[in-house]
Amino acid sequence: MLAWTPDAVVFDCDGTLMDTERNWQDARELTLRDHGLRAAPGFAERAKGVHYTECGQLMADEAGRPDLAEELTGALLDHFRALVAENAATMPGAAELVRRAAAFAPLAVASNCPADVVETCLSAAGLLSFFDHLVVPDDGVRPKPAPDVYLTAARLCGAAPERCLAVEDSACGVQAARRAGLRILGVGPWPGNRVVGDVDLWVDRLDDRDVTAWAERRAARTHPH
């Protein structure tokens, strides 16, 4: 991957660009507590990266209260929005990589979050203007792990999927990008060999030295001094 220049770069938002995965975790815990419910062991990992409506259904099913799915989903999103408004922070190296990548390729976001949440996060971080397109699930676009958000982002950027780079932190997102045919830069704590086997490169942080040098070289070729 480090010898390649993509025609477009598509970023996940939660946990990749924005340090919001902890907000989702807190929102899940608050929602369950408010309803007097408890999550089963390993719930946080099963819920990571999934669409918030599916997360609400998962909470309800695992608590033995499938009838509460819609109520839990609404409460989850309300808690998350409030937590993000209090503290919207970027992941290490994310802002720098976005700025460098924008110098050599069109950028898009492919997220399972609602559009207003993505816009609020990126705006607070000063990154919204770098993105040409924001793609989230809607009536015609299924959430990850379906490939739809990545296929749509590639199309809007005018690039073939195999010529696009996805930047992802979750198994759910990696699965979506792989199904869409994008190459993948994975980021975060080591997720295990199964997930890493589906990516082109896995790094702990986006300010990884090799990734930074890769982006700088491509930006310099596009805008030589």
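Use the structure listed above.
The rules behind the values
Residues numbered from 1 in each chain as written. Predicted model: local features only at pLDDT ≥ 70, side-chain atom pairs only at ≥ 80, totals over all residues. Heavy atoms only, no water. Helix = DSSP H or I, 4+ residues; strand = E, 2+ residues; numbered from the N terminus. Rg over C-alpha atoms; globule rule 2.2 N^0.38 Å. Buried < 20%, exposed > 50% of the residue type's maximum accessible area, 1.4 Å probe, protein only. Contact = heavy atoms within 4.5 Å. Areas by Shrake-Rupley, 256 points an atom, 1.4 Å probe, with all protein chains shown as cover. Lys, Arg positive; Asp, Glu negative; His and termini not counted. Charge placed at Lys NZ, Arg CZ, Asp CG, Glu CD. Pairing = 2+ DSSP bridges. Axes fitted to C-alpha atoms, helices over the stretch in contact; angles between N-to-C directions. Right-handed = clockwise from strand over helix to strand, strands pointing away. Core = buried A, V, L, I, M, F, W, Y, C linked by side-chain atoms within 4.5 Å. Disulfide = S-S within 2.5 Å. Arc of directions from axis to C-beta. Salt bridge = Lys/Arg side-chain N within 4 Å of Asp/Glu carboxyl O.

J.: Just checking my understanding: could you explain the overall build of the protein chain for this structure?
T.: From N to C terminus, the protein chain includes 10 helices and 6 strands. Since a compact globule built from 225 residues should have a radius of gyration of about 17 Å, the 17 Å found for the protein chain is in line with a globular shape. Overall, the C-alpha framework of the protein chain stretches about 60 × 35 × 35 Å when taken along its three principal axes. Looking at the protein chain residue by residue over its 225 residues, the buried ones come to 48%. Taking contacts inside the protein chain between residues at least 6 apart in sequence as the whole, the part at least 24 apart equals 65%. Taken as a whole, the protein chain presents about 10200 Å² of accessible surface, with 49% of it coming from carbon and sulfur. With 23 positive and 34 negative side-chain charges, the protein chain shows a spacing of 6 Å between the two charge centroids.

J.: Help me understand the sheet that holds strand E6 (residues 201-203), please; the structure alone is not making it clear to me.
T.: Strands in a sheet are paired, the pairing made by backbone hydrogen bonds, and the direction either parallel or antiparallel. What the 6 strands build is an open sheet, ordered E3-E2-E1-E4-E5-E6; its pairing is parallel. This sheet does not close on itself; its edge strands, each paired only once, are strand E3 (133-135) and E6. Strand-to-strand, the axes of this sheet are offset by a mean angle of 20°, without reference to chain direction. Inspection of the sheet shows strand E1 (residues 8-11) paired to strand E4 (residues 164-168) by 4 bridges, in the parallel sense. Residue valine 9 lies in a different strand from E4, and its bridge partner there is leucine 165.

J.: I would appreciate a short explanation of the pairing of strand E5 (residues 183-187) in the present structure.
T.: Residues in a regular strand point their side chains to alternate faces of the sheet. Of all 5 residues that make up E5, 4 are buried, and the element is covered over most of its length. Where E4 lies against E5, 4 bridges are found, and the strand directions are parallel. Paired with leucine 165 across the strands is arginine 183, a residue of E5. Crossover connection from E4 via helix H8 (residues 171-180) to parallel E5: handedness right-handed. Here E5 runs beside E6; their pairing, made up of 3 bridges, is parallel. Residue pairing in the sheet places leucine 185 in a bridge with leucine 201 of E6.

J.: Honestly, the nonpolar core in this entry has me stumped. Any pointers?
T.: Most often, soluble globular proteins keep nonpolar side chains buried together rather than apart. Val9, Phe11, Leu17, Phe131 and Leu185 are the most contacted members of the largest nonpolar core, which has 52 residues in total. Ranked by the residues each element gives to this core, the list is headed by helix H4 (residues 69-86), at 7 residues. Among residues more than four places away in sequence, those in contact with valine 9 are Ala101, Phe104, Ala105, Pro106, Leu107, Ala108, Leu165 and Val167.

J.: Where do I start with the environment of asparagine 193 in this structure?
T.: As for its position among the elements, asparagine 193 is in helix H9 (residues 193-196). Along the chain, asparagine 193 and glycine 15 lie 178 residues apart, while their C-alpha atoms are 20 Å from each other.

J.: Where do I start with unusual backbone geometry in this structure?
T.: Residues apart from glycine generally show negative phi values, whereas peptide bonds are mostly found in trans. Note that the residue after lysine 144, namely proline 145, is joined by a cis bond; omega there is 15°. Structurally, proline 145 is set in the loop between E3 and helix H7 (148-156).

J.: Before we go on, may I ask you to explain the state of the cysteines in this structure?
T.: The bond known as a disulfide is covalent and runs between the sulfur atoms of two cysteines. Going through the model one piece at a time under the given rule, you end up with 0 disulfides. No disulfide involves cysteine 121; its sulfur sits 5.1 Å from that of cysteine 13, the nearest cysteine. The exposure class assigned to cysteine 121 is buried, which follows from its relative accessible area of 1%.

J.: Could you clarify how one ought to interpret helix H5 (residues 94-101) in this entry?
T.: An α-helix turns once every 3.6 residues. As a result, residues three or four positions apart point the same way. Residues Ala94, Ala95, Leu97, Val98 and Ala101 constitute the buried set of H5. Along H5, the residues classed as buried sweep out an arc of 165° about the axis, all on the same side. On its buried face, H5 is in contact with E1, strand E2 (107-110), E5 and helix H10 (209-222).

J.: So what exactly am I meant to see when it comes to the side chain of threonine 152 here?
T.: Mapped onto the elements, threonine 152 comes out in helix H7. The contacts of threonine 152, once residues within four sequence positions are left out, are Val135 and Val141.

J.: How should the pattern of salt bridges be read in this particular structure?
T.: A side chain of one charge can pair with a side chain of the opposite charge if their charged atoms are brought near each other. For the structure on display, the rule yields 15 salt bridges. The partner of arginine 33 in a salt bridge is aspartate 34, and the shortest N-O contact between them spans 3.9 Å. On the basis of relative accessibility, which here comes to 46%, the residue aspartate 34 falls in the partly exposed class. Between aspartate 200 and arginine 178 there is a salt bridge, with the nearest N and O atoms lying 3.7 Å from each other. Note that aspartate 200 is positioned in the loop between H9 and E6 and arginine 178 in helix H8, a separation of 22 residues in sequence. Its relative accessible area of 32% is what places aspartate 200 among the partly exposed residues. Salt bridges sharing common partners tie together Asp12, Lys144 and Glu168.

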